[in-house]
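# Coordinate analysis (summary)
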Amino acid sequence: IARRFDSAIRRAVPGLSKSDLFWRLKFLFGALHHGQEMWLRFDDIPKMPHVAGLPRPDLEGFIQQFIAFAAAGVKAPIPRRRGRKPAFPPTRSRK
């Protein structure tokens, strides 16, 4: 499954370097984990005043929100830093 997922992401954003893909997937999986925990424990989590009273979204609503968020994050352009090292240096392959 992981190979198919990696392959699908590579097809969706063919211009990403291996390093950019690595970090974006790390952030994506972290957001997915956090989102799942929030959805599963929605009723038990103390609410911030601006979200008090909101009902838990249905599962399909959660999935659609996450897909929209993830797609935008994976496809977002990377701002290049002028005259400085990249924030996340390229990953090195092990031999």
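The sections below set out a description of the structure shown in this document. Being a predicted model, the structure only gives us computed values, none of them experimental.

## Concerning the overall build of the protein
The helix and strand inventory of the protein stands at three helices and zero strands. Along the protein, helices (α) and strands (β) appear in the sequence α-α-α when read from the amino end. Expressed as a percentage of the 95 residues in the protein, the buried residues total 17%. Long-range pairs, those at least 24 residues apart, make up 54% of the contacts in the protein between residues at least 6 apart in sequence. In the structure as shown, the protein presents an accessible area of about 8400 Å², 62% of it carried by carbon and sulfur atoms.

## As for the pattern of salt bridges
Taken as a whole, this structure holds one salt bridge when the rule is applied. In this structure, the salt-bridge partner of Arg-41 is Glu-37, at a minimum N-O distance of 2.7 Å. Accessibility expressed as a relative area gives 28% for Glu-37, which makes it partly exposed.

## Describing a nonpolar patch on the surface
Taken together, the side chains of Leu-59, Ile-63 and Ile-67 present a nonpolar region at the surface, about 240 Å² in accessible area. Here Ile-67 is to be found in helix 3 (residues 59–75). According to the relative accessible area criterion, Ile-67 is partly exposed, its value standing at 46%.

## Quick word on the side chain of Arg-24
Turning to its location among the elements, Arg-24 is positioned in helix 2 (residues 18–40). Although Arg-24 is buried, it forms no salt bridge, and the closest oppositely charged side chain is Asp-20 at an N-O distance of 5.5 Å. Among residues more than four places away in sequence, those in contact with Arg-24 are Leu-16, Gly-73, Val-74, Lys-75, Ala-76, Pro-77 and Ile-78.

Quick notes on the rules
- Residues numbered from 1 in each chain as written.
- Predicted model: local features only at pLDDT ≥ 70, side-chain atom pairs only at ≥ 80, totals over all residues.
- Heavy atoms only, no water.
- Helix = DSSP H or I, 4+ residues; strand = E, 2+ residues; numbered from the N terminus.
- Buried < 20%, exposed > 50% of the residue type's maximum accessible area, 1.4 Å probe, protein only.
- Contact = heavy atoms within 4.5 Å.
- Areas by Shrake-Rupley, 256 points an atom, 1.4 Å probe, with all protein chains shown as cover.
- Salt bridge = Lys/Arg side-chain N within 4 Å of Asp/Glu carboxyl O.
- Patch = residues over 30% accessible without salt bridge, like charges linked within 9 Å, V, L, I, M, F, W, Y side chains within 5 Å.
- Lys, Arg positive; Asp, Glu negative; His and termini not counted.

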